[in-house]
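What the coordinates show
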Amino acid sequence: MKKQWWKESVVYQIYPRSFKDSNGDGIGDIQGIISKLDYLKDLGIDVIWLSPVYKSPNDDNGYDISDYRDIMDEFGTMADWEELLAEIHKRGMKLMMDLVVNHTSDEHPWFIESRKSKDNPYRDYYIWRPGKEGKEPNNWESCFSGSAWEYDETTGEYYLHLFSKKQPDLNWENPKVRQEVYDMMKFWLDKGIDGFRMDVINFISKVPGLPDAPNPEGKKYVSGSRFFMNGPRIHEFLQEMNREVLSKYDVMTVGEMPGVTVEEAKLYTGEDRNEVNMVFQFEHVDLDSGPNGKWDLRPLKLRDLKESFTKWQKGLEGVGWNSLYLNNHDQPRMVSRFGNDQEYRVESAKMLATFLHMLQGTPYIYQGEEIGMTNVRFDSIDDYKDIETLNMYREKVMENDEDPQKVMEAIYAKGRDNARTPFQWDDSENAGFTTGTPWMKVNPNYKEINAKKAVEDPNSIYHYYRKLIQLRKQYPIVVYGSYDIILPEHEQIYAYTRTHKNEKLLVILNFSADQPIFELPKEITFTTKELLISNYDVNGEEAIEIFTLKPYEARVYLLK
Ligand code: NOJ
């Protein structure tokens, strides 16, 4: 396996709107981020992934971009951004920017031109089609509810938007569009950034003809994902992007790819294929969803989680590379979803962190995860801001008369705003996030859960993360060891080994509030053992052939 700096790195994701406000307007900003860089450096992270900071009307909090080469007013100026990059580099960290090029904002100058007339030079930058029998060109549903098509009066045609109607899809079949994107990428790379996280990048190649999706239940709109995820020209486009742009810089790339399988991920991340370094796959965050999608809640089974992670770990081993995450700005908080955010919040957050940071791949920490921030339950839908959540609520409650309380329960479990409440810096008003009125309410548990308290407490989740990150720097086995699951059938314990040269890491995790018995399989033998980290006080000399685990206990041993 080739040694690479991005395999040895730990990434920290910043969602700028919710991170730190410096000017009292209630919205996080770039100067706010700069003021917290020492906090991140102390944590030990290597790379910051910054969610979009470009000019945007904020229909989808910056994922709808109206100028790729300028900074959003609420966040600051280009001079602020230049200062941010310099301050990050000064501290020996790197910066990865978000690349959102499946779609633009409808307020982007290209789209403003495109909608003017059928023969406008920018018409073909987007995907326009005439209606079919007075209806939309096909039956695809938008990822944010309703049709994926919007009718435009001016020319009497529809444009495609896989997300909100203010996010028209770019037409990647048009070579001019691709060239514009590559030029824009070079603009940022030449400023000295260190990589890109690529938003829904496996959506850019659509099946020609944009056929109707099968609709056995006769629904109004259905997911057309099979016709735009991992489409026919996707590898060609990514290889072209790599040839024209990425290969000329020493940068890291991660493609966000809903619906990607291990077999496809081998093609996207294969070391000899020149596409991207790693992908964000979704399999493990779909395990608690039913057949009707993310709002259709299902309990998570540990066996499914083990099977899924093991498939990805073994599948990409020696071929490509995994990215490791349990939450981000689109997912609920990890401790609320996979752990226990009540009695065992601290223990389970540490256990989940151990799980992720000891796997093979590059770990991503989402802001607030390192202090164990939790999901939130606002009483009223009016306190929610996310377009996906609000559109879904409107469709289910206002249009389809579903029980509002049931819909709220789904939002409490899965809504994206769980991850977007302001960062909890201290126990002062608004958690120290802003001196003004925050754009979204703060989670009321900030007096208990905040960074100040975590930094002061040597036993906090925060200090546990620091230690995990240091282990990665200290022991190459954490980065380069091969993975094997043990006790695959166990319903509460997830245990695995990592093997490198003559050493083994043994990772033992209790995913439950019970006290199951761990039995070491006979084939794992060793002459010495060293306890590298644990989330309870453990006597390192204690025998490990058989013992009882405490609730959400985690231990990592180095065996020789
Ligand atoms: C994925 C992003 O992570 C999400 O926040 C956004 O809404 C969609 N892509 C559309 O850009």
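Residues numbered from 1 in each chain as written. Predicted model: local features only at pLDDT ≥ 70, side-chain atom pairs only at ≥ 80, totals over all residues. Heavy atoms only, no water.

Under an unreviewed UniProt entry, the name given to the protein chain is oligo-1,6-glucosidase, and the organism recorded is Paranoxybacillus vitaminiphilus. Heading Catalytic activity (unreviewed entry) of the UniProt record for the protein chain holds this comment: "Hydrolysis of (1->6)-alpha-D-glucosidic linkages in some oligosaccharides produced from starch and glycogen by alpha-amylase, and in isomaltose." (UniProt positions renumbered as here; feature names shortened; annotations may be inferred.)

Some details on the sheet that holds strand E11 (residues 278-280)
Spatially, E11-E10-E9-E5-E2-E1-E15-E14 is the arrangement adopted by the eight strands of the open sheet, whose pairing is parallel. Edge positions in the sheet fall to E11 and strand E14 (323-324), since each of these pairs with one other strand and no more. In this structure, strand E5 (residues 94-99) lies alongside strand E9 (residues 195-198), joined through four bridges in parallel fashion. Of the residues in E9, the one forming a bridge with methionine 97 is phenylalanine 196. (Pairing = 2+ DSSP bridges. Helix = DSSP H or I, 4+ residues; strand = E, 2+ residues; numbered from the N terminus.)

A look at helix H12 (residues 404-414)
Residues of H12 that are buried: Val407, Met408, Ala410, Ile411, Tyr412 and Lys414. Those residues of H12 that are buried lie in contact with strand E12 (289-290), strand E13 (293-297), helix H9 (334-338) and helix H11 (387-399). (Buried < 20%, exposed > 50% of the residue type's maximum accessible area, 1.4 Å probe, protein only. Contact = heavy atoms within 4.5 Å.)

A short note on the UniProt feature "domain: Glycosyl hydrolase family 13 catalytic" (unreviewed entry) in the protein chain
Mapped onto this numbering, the UniProt entry annotates "domain: Glycosyl hydrolase family 13 catalytic" (unreviewed entry) at residues 13-420. Secondary structure content for residues 13-420 is 30% helix and 13% strand, and the end C-alpha separation is 12 Å.

Side note on the pattern of salt bridges
Oppositely charged side chains can pair when the atoms bearing their charge come close. Scanning the entire structure with this criterion turns up 46 salt bridges. The salt bridge involving glutamate 283 is made with lysine 311; its shortest N-O contact spans 3.0 Å. Placement of the pair is glutamate 283 in the loop between E11 and E12 and lysine 311 in helix H8 (residues 302-316), with a sequence separation of 28 residues. Judged by relative accessible area, glutamate 283 falls into the partly exposed class, the value being 24%. A relative accessible area of 44% means that lysine 311 is categorised as partly exposed. Where salt bridges share partners, they join Asp60, Lys294, Asp330, Asp386, Glu388, Arg416 and Arg420 into one cluster. (Salt bridge = Lys/Arg side-chain N within 4 Å of Asp/Glu carboxyl O.)

What about the site of the ligand?
Around the ligand, a shell composed of 13 residues is seen, among which Asp60, Asp199, His329, Asp330 and Arg416 lie nearest. A distance of 2.4 Å separates an oxygen atom of the ligand from a polar side-chain atom of aspartate 330. Taking 290 Å² as the accessible area of the ligand by itself, protein coverage stands at 97%. Considered class by class, the residues forming the shell around the ligand number four nonpolar, two polar and seven charged. (Near = heavy atom within 4 Å. Polar contact = N/O pair within 3.5 Å; in protein donor to acceptor, adjacent residues only side chain to side chain. Areas by Shrake-Rupley, 256 points an atom, 1.4 Å probe, with all protein chains shown as cover. Nonpolar A, V, L, I, M, F, W, Y, C, P; charged D, E, K, R; others polar.)

Comments concerning the packing of helix H10 (residues 345-357) against helix H14 (residues 461-474)
It is at 10 Å that the axes of H10 and H14 come closest, and there the two elements cross at 15°. In terms of orientation, H10 lies roughly parallel with respect to H14. Note on packing geometry: the crossing formed by H10 with H14 is right-handed. Along the contact surface, H10 presents Arg345, Val346, Ala349, Lys350, Ala353, Thr354 and His357, while H14 presents Ile461, Tyr464, Tyr465, Leu468, Ile469 and Arg472. Looking at side-chain class alone, the contact of H10 with H14 contains eight nonpolar, two polar and three charged residues. (Axes fitted to C-alpha atoms, helices over the stretch in contact; angles between N-to-C directions. Parallel < 35°, antiparallel > 145°, perpendicular 65-115°, else oblique. Left-handed = near helix turned anticlockwise from the far one by under 90°.)

Brief notes about the side chain of aspartate 98
Position of aspartate 98 relative to the elements: it lies in strand E5. When its relative accessible area of 1% is taken as the criterion, aspartate 98 is described as buried. In contact with aspartate 98, not counting residues within four places along its chain, are Trp49, Leu50, Ser51, Pro52, Tyr54, Tyr63, Arg197 and Asp199.

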